[in-house]
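Survey of secondary and tertiary structure
This is what each chain is made of:
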Amino acid sequence: MLPTPTARDWKDGAHCANVEENAILGRVAWALSTDFGRYQAAVDRWASIFGAPPAPTDDKGRLNPPFVEWMMGYPAGWVTDLGLTRTAQLKALGNAIHPHAGFAAYCQLAARLDREVAA
């Protein structure tokens, strides 16, 4: 599984010799470029549902907002076609809830409420 997008991802991207690569999505995306390595199986599973991923990095080697949008399961352009800057797009995506996680949470809360009402 790839690292979870965060609002601070706009700060990361191209390799920096004095900063080690870690689980920050921007740095992982830069390292992956087009070879997803150990993440390939997860990318392939997600691609079977949402189609091929956009490039993980842009032409400057920075984390690509359409890639994050794809990772989150949003339709293409959901955030990236709003006219926001790259930084604002990554902040919005990093602060967003994954739609599938939100749906699962809603279902669990609704079932709990049903049980409490029935009791």
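**A short note on the overall build of the protein chain**
- Counting secondary structure elements, the protein chain contains 5 helices and 0 strands.
- Split into buried and exposed, the 119 residues of the protein chain put 33% on the buried side.
- Across the protein chain, every contact between residues at least 6 apart in sequence was considered, and the portion connecting residues at least 24 apart equals 49%.
- Total accessible area computed for the protein chain in this model is approximately 7400 Å², and 59% of it derives from carbon and sulfur atoms.

**Let's talk about the packing of aromatic side chains**
- This structure, assessed with the given rule, holds 3 aromatic pairs.
- Each ring, one from Trp-46 and one from Phe-50, has its centre 4.6 Å from the other, and the planes form 45°; the classification is tilted. Of the two residues, Trp-46 and Phe-50 both sit in helix 2 (residues 40-50), 4 residues apart, roughly one turn of that helix.
- In this structure Phe-50 comes out as partly exposed when scored by relative accessible area, which is 31%.
- Here the aromatic rings of Tyr-74 and Trp-78 are separated by 6.1 Å at their centres, their planes lie at 5°, and the arrangement is stacked.
- Accessibility expressed as a relative area gives 15% for Tyr-74, which makes it buried.
- Its relative accessible area of 52% is what places Trp-78 among the exposed residues.

**Some thoughts on helix 4 (residues 86-95)**
- Of the positions making up helix 4, those classed as buried are Arg-86, Gln-89, Leu-90, Leu-93 and Gly-94. Buried residues in helix 4, looked at end-on, bunch into an arc of 125°, giving them a common side.
- The elements touched by buried residues of helix 4 are helix 3 (65-72).

**As for the pattern of salt bridges**
- Here the structure, examined in full by the defined rule, presents 3 salt bridges.
- Where Asp-58 meets Arg-86, a salt bridge forms, and the shortest distance between an N and an O atom there is 3.9 Å. Placement of the pair is Asp-58 in the loop between helix 2 and helix 3 and Arg-86 in helix 4, with a sequence separation of 28 residues.
- Judged by relative accessible area, Asp-58 falls into the buried class, the value being 17%.
- On the basis of relative accessibility, which here comes to 15%, the residue Arg-86 falls in the buried class.
- Here Arg-112 and Glu-116 are joined by a salt bridge, their closest N and O atoms 3.2 Å apart. Placement of the pair is Arg-112 and Glu-116 together in helix 5 (residues 99-118), with a separation of 4 residues, close to one helical turn.
- Connected through salt bridges with shared partners, the residues Asp-58, Arg-62 and Arg-86 form a single ionic network.

About the criteria used
Residues numbered from 1 in each chain as written. Predicted model: local features only at pLDDT ≥ 70, side-chain atom pairs only at ≥ 80, totals over all residues. Heavy atoms only, no water. Helix = DSSP H or I, 4+ residues; strand = E, 2+ residues; numbered from the N terminus. Buried < 20%, exposed > 50% of the residue type's maximum accessible area, 1.4 Å probe, protein only. Contact = heavy atoms within 4.5 Å. Areas by Shrake-Rupley, 256 points an atom, 1.4 Å probe, with all protein chains shown as cover. Phe/Tyr/Trp six-rings, centres within 6.5 Å; stacked < 30°, edge-to-face > 60°. Arc of directions from axis to C-beta. Salt bridge = Lys/Arg side-chain N within 4 Å of Asp/Glu carboxyl O.

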